[in-house]
Amino acid sequence: MKIAVTFDGNDGVFQHFGHTEQFKIYETDNDKIISQKILSSDGSGHSALAELLAKENIDKIICGGIGGCAISALSDAGIEIFAGISGNTDKAVQALLDGTLVQNSSATCDHHHEHHHGDNHSCGHCH
């Protein structure tokens, strides 16, 4: 199984799926991590990020906050979503493998009318 985690570059789960610049990709077997690598994204929207993960044959994604469009794009790609996760990426993956990962099902993007860093991003619009 392959698990992707939104990655903040400091061993933590990045908290905004749509702005993820890197994913930490874990390959697992028998509930053990057997390899990991960093995958860079071009950050060009939810659909592009979902497509990138689908091309990597990702089975599950662990992330912080995530919007409805991203959830739809990932679901359409057959990727199971574990949202509302924070902390260390390795520990989050191991908790998922152990069946103890607690997700926040309401971890959707709740700032639909705010702008992020001047880039006119709006979670209410799919792109």
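Our subject is the structure that appears above.
Residues numbered from 1 in each chain as written. Predicted model: local features only at pLDDT ≥ 70, side-chain atom pairs only at ≥ 80, totals over all residues. Heavy atoms only, no water.

*Asks:* Help me understand the overall build of the protein, please; the structure alone is not making it clear to me.
*Replies:* The helix and strand inventory of the protein stands at three helices and five strands. The linear arrangement of helices and strands in the protein, starting from the amino end, is β-β-β-α-β-α-β-α. Per-residue burial for the protein yields a buried fraction of 44% across its 127 residues. (Helix = DSSP H or I, 4+ residues; strand = E, 2+ residues; numbered from the N terminus. Buried < 20%, exposed > 50% of the residue type's maximum accessible area, 1.4 Å probe, protein only.)

*Asks:* Please explain the environment of Leu97 as it appears in this structure.
*Replies:* With respect to the helices and strands, the residue Leu97 is situated in helix α3 (residues 89-98). The class for Leu97 is buried, based on a relative accessible area of 8%. For Leu97 and Asp29, which are 68 residues apart along the polypeptide, the C-alpha to C-alpha distance reads 9.7 Å. Apart from residues lying up to four places away in sequence, Leu97 is in contact with Met1, Ile3, Thr28, Asp31, Lys32 and Ile33. (Contact = heavy atoms within 4.5 Å.)

*Asks:* Just to check I follow, could you spell out the nonpolar core for this structure?
*Replies:* One finds Phe17, Phe23, Leu53, Ile61, Ile66 and Leu74 to be the most contacted residues of the largest nonpolar core, which totals 18 residues. Where this core is concerned, the elements lending two or more residues are β2 (22-29), α1 (46-55) and α2 (68-76). Formed by 13 residues, the second largest nonpolar core is a distinct cluster that contains Val13, Ala95, Leu97 and Leu101. (Core = buried A, V, L, I, M, F, W, Y, C linked by side-chain atoms within 4.5 Å.)

*Asks:* What am I meant to see in the sheet that holds strand β1 (residues 2-6) here?
*Replies:* Remark on secondary structure: sheet strands pair via backbone hydrogen bonds, oriented parallel or antiparallel. With respect to topology, five strands assemble into an open sheet ordered β3-β2-β1-β4-β5, the strand pairing being mixed. The open sheet has two free edges, formed respectively by β3 (32-40) and β5 (80-82), since each of these has just one partner strand. Recorded for the sheet is a direction-independent mean angle of 25° between the axes of neighbouring strands. Docked against the sheet, α1 engages β1, β2, β3 and β4 (60-62), running at close to 30° with respect to β2. (Pairing = 2+ DSSP bridges. Axes fitted to C-alpha atoms, helices over the stretch in contact; angles between N-to-C directions.)

*Asks:* Which parts of the structure should I look at to understand α3?
*Replies:* In an α-helix, one turn spans 3.6 residues; hence positions three or four apart end up facing the same way. Listing the buried residues of α3 in full gives Thr89, Ala92, Val93, Ala95, Leu96 and Leu97. On its buried face, α3 sits against β1, β2, β3, β4 and β5. Measuring from the backbone nitrogen of Asp90 back to the side-chain oxygen at the start of α3 gives 2.9 Å, which picks out Asn88 as the cap. Downstream of α3 by one or two residues, Gly99 has phi in the positive range, about 80°. (Polar contact = N/O pair within 3.5 Å; in protein donor to acceptor, adjacent residues only side chain to side chain.)

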